[in-house]
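The chain contents come next:
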Amino acid sequence: MHASSSQPPEVSEIGEVSGTGRTVRTVDVLVIGGGIIGLVTAWRSAQLGLRTAVADPAPGGGAAQVAAGMLAAVTELHYGEQDLLAINLASARRYPAFAAELAEASGQEIGYRACGTLAVALDADDRAHLRELHELQQRSGLDSQWLSGRECRRLEPMLAPGVRGGVRVDGDHQADPRRLARALLTACERAGVVFHRAEARRLLVEADRATGAELADGSRVRADRTVLAAGSHSARLAGVPPHVVPPVRPVKGQVLRLRVPGPYAPFLSRTVRAVVRGGPVYLVPRENGELVLGATTEELGWDTTVTAGGVYELLRDAHELVPGITELPLVETRAGLRPGSPDNAPLLGPTALPGLLAATGHHRNGVLLTPFTGDVMGRVLAGEALPEAARPFSPQRFPARAAHQEQPA
Ligand SMILES: Cc1cc2nc3c(=O)[nH]c(=O)nc-3n(C[C@H](O)[C@H](O)[C@H](O)COP(=O)(O)OP(=O)(O)OC[C@H]3O[C@@H](n4cnc5c(N)ncnc54)[C@H](O)[C@@H]3O)c2cc1C
């Protein structure tokens, strides 16, 4: 589907000064938001030979700076989310080839690691809950295996003696979201994407069609197609007609980063996760010794404060799971915002406003869904219809609602 030439396409903006004295630039595709979702969209767009621009004051930032990077299609399965499962699995399958293509395009690895996942239970309630999840996985034809507590500890000797059982999922891997964001940024630059390091202040709409955006510096970028990919901020852009505003909200998550000292120190060989007293906790071990411990789920609007309570709960639950973590240096605490949607699934493709597309609402699976999103948005920008697998995720599936846009100061 994508041009694989090592030469970047001829991508340039046409700049002119309008009658109002404002700079107006014209591109084929303007992507609002340069998180991993906006960047993968821009990369695929530029590969098609489309003149592509990204507006973002800090491209490559966003939730990927906090995320753990679990590619957890199977362990994150929930009742009633079969359509989401299908695209999560499709994206997980795409990861090895995607990582290789991105490494080739950017010269950077993204820490893709085929390590698998072990979900464990510590008490009878959590064990019953995990049994149900395992049964759902089996009914859905997924590859997962029930293990006794002893078998879990044989696999991961650092687990607490009290572990009562677990589910081994050899297909749920990981990638490093920070490295993914960096690599996508480089791939975009090499493909000729133009970056405007400014916020998009207002969507431009003329004759019932989106025609680009006005940026915070007063300049305008005119575009044949505009992609709204502003993550948790996607419902805040001024100028978007109320019936088109995506129902996306911020869902706060606090995450800790620990360091396993020494290159050979054995700690965990795969992602370990559990639900402890109803609260999910996970430990994601990277090859470089980083151990990511997450995450809280909090509906607190735009708040990104790291709280003593959040850190305490994460450490308490993770300590019950893997007591040895208290010996490790705690090197970072951070909170980020997941772009949540009403059905926990992304919004992909054309909106009800001609010229405006969405790539947002990826909630807790944005890293996992990056390859799939890039493929879908690339095909739509190439002029194809929304692919079959992505149709349940059209932005137009939600009934029109009153906008809760906040006008910028
Ligand atoms: C704690 C936590 C743990 C997570 N763990 C995982 C995980 O294990 N696996 C997984 O798959 N996913 C995980 N995620 C989810 C994943 O990180 C997100 O779904 C994904 O990063 C969303 O990417 P995005 O590009 O849509 O949005 P964002 O990363 O939020 O990026 C949006 C970008 O838009 C920019 N922007 C905002 N408003 C404007 C504007 N008006 N004009 C221009 N630019 C604008 C911002 O500066 C930002 O760069 C986690 C998230 C969190 C917070």
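These numbers come from a predicted model, not from an experiment.

J.: An account of the nonpolar core is needed here, citing residue identities and associated values.
T.: The nonpolar side chains of a soluble globular protein tend to be buried with one another. Among the nonpolar cores identified, the biggest contains 50 residues, and Trp43, Leu102, Leu180, Leu184 and Val227 are the most heavily contacted of them. Secondary structure elements with two or more residues in this core: strand S2 (23-32), helix H1 (36-47), helix H2 (82-106), helix H5 (177-191), strand S19 (356-360) and helix H7 (370-381). If one sorts the elements of this core by residue count, H5 sits on top with eight residues. Those residues within four positions of Leu184 in sequence are excluded, and the remaining contacts are Ile36, Leu39, Val40, Trp43, Phe98, Leu102 and Thr370. Judged by nonpolar contacts, the second largest core, of 26 residues, contains Leu147, Cys152, Val276 and Ala318.

J.: Account for the domain arrangement of the protein chain, naming residues and giving values.
T.: Domain boundaries assigned for the protein chain yield domain 1 (1-112 + 174-248 + 342-409) and domain 2 (113-173 + 250-340). Each of domain 1 and domain 2 was reduced to a C-alpha centroid, and the two centroids are 29 Å apart. Each partner contributes to the interface: domain 1 provides 38 residues, whereas domain 2 provides 39 residues. Summed over both sides, the interface between domain 1 and domain 2 buries roughly 3,200 Å², with carbon and sulfur atoms accounting for 55% of that surface. Together, Val66, Thr75 and Gln174 form the three largest contributors to the area buried by domain 1 at its contact with domain 2, with a combined 23%. For the pair domain 1 and domain 2, the number of links is three salt bridges. Here Asp176 and Arg286 are joined by a salt bridge, their closest N and O atoms 3.6 Å apart. Where domain 1 touches domain 2, the interface holds 17 residue pairs in polar contact (both at pLDDT 80 or more). When contributions to the side of domain 1 that touches domain 2 are tallied by element, the ones reaching two or more residues are strand S4 (70-71), H2 and H5. When residues in the side of domain 1 that touches domain 2 are grouped by element, the largest group, three residues, is from H2. In terms of residue class, the side of domain 1 that touches domain 2 is made up of 18 nonpolar, 14 polar and six charged.

J.: Lay out the packing of H1 against H5 with the relevant residues and their values.
T.: Packing of H1 against H5 brings their axes to within 9 Å, and their N-to-C directions diverge by 30°. The pairing of H1 with H5 is recorded here as roughly parallel in orientation. Between H1 and H5 lies a crossing of left-handed hand. Across from Ile36, Leu39, Val40, Ala42, Trp43 and Ala46 in H1, the residues of H5 making contact are Pro177, Leu180, Ala181, Leu184, Leu185, Ala187, Cys188 and Ala191. Taken together, the residues of the contact of H1 with H5 break down into 14 nonpolar, no polar and no charged.

J.: Residue-level account of the environment of Pro371, with values.
T.: Note on placement: Pro371 falls in helix H7. Sequence separation between Pro371 and Thr41 is 330 residues; the distance between their C-alpha atoms is 9.6 Å. Not counting residues within four places of it along the chain, the set of residues in contact with Pro371 comprises Ser91, Arg94, Tyr95 and Phe98.

J.: So what about the site of the ligand? Which residues, and what values?
T.: Around the ligand, 37 residues are found, and the nearest of them are Asp56, Ala63, Ala200, His363 and Leu368. For the ligand, a nitrogen atom lies 3.4 Å from a polar atom in the backbone of Ala68. Backbone polar atom of Gly69 to an oxygen atom of the ligand: 3.1 Å apart, as the coordinates give it. For the shell around the ligand, the leading source of residues is strand S17 (residues 330-340), giving four residues. Counted by class, the shell around the ligand contains 20 nonpolar, 13 polar and four charged residues. Shared between two domains, the shell around the ligand holds at least three residues of each, these being domain 1 (1-112 + 174-248 + 342-409) and domain 2 (113-173 + 250-340).

J.: Requested: an account of the pattern of salt bridges, with residues and values cited.
T.: A complete count under the given rule lists 28 salt bridges for this structure. As a salt-bridge pair, Glu214 and Arg220 come within 3.2 Å of each other at their nearest N and O atoms. Accessibility expressed as a relative area gives 8% for Glu214, which makes it buried. Across the pair Asp224 and Arg225 runs a salt bridge whose closest N-O atoms are separated by 3.5 Å.

J.: Describe unusual backbone geometry, with residues and values.
T.: The omega torsion across Gly294 and Ala295 is -20°, close enough to zero to call that bond cis. A positive phi angle, near 50°, is found at Ala207, a position not held by glycine. Positionally, Ala207 belongs in the loop between strand S10 (200-206) and strand S11 (209-215). Its identity is not glycine, yet Asp208 carries a phi of approximately 60°, on the positive side. The topology assignment puts Asp208 in the loop between S10 and S11.

Here is what the cut-offs are and how they apply
Residues numbered from 1 in each chain as written. Predicted model: local features only at pLDDT ≥ 70, side-chain atom pairs only at ≥ 80, totals over all residues. Heavy atoms only, no water. Core = buried A, V, L, I, M, F, W, Y, C linked by side-chain atoms within 4.5 Å. Buried < 20%, exposed > 50% of the residue type's maximum accessible area, 1.4 Å probe, protein only. Helix = DSSP H or I, 4+ residues; strand = E, 2+ residues; numbered from the N terminus. Contact = heavy atoms within 4.5 Å. Domains from an automatic or database assignment. Buried area = accessible area lost by both parts, 1.4 Å probe. Salt bridge = Lys/Arg side-chain N within 4 Å of Asp/Glu carboxyl O. Polar contact = N/O pair within 3.5 Å; in protein donor to acceptor, adjacent residues only side chain to side chain. Nonpolar A, V, L, I, M, F, W, Y, C, P; charged D, E, K, R; others polar. Axes fitted to C-alpha atoms, helices over the stretch in contact; angles between N-to-C directions. Parallel < 35°, antiparallel > 145°, perpendicular 65-115°, else oblique. Left-handed = near helix turned anticlockwise from the far one by under 90°. Near = heavy atom within 4 Å.

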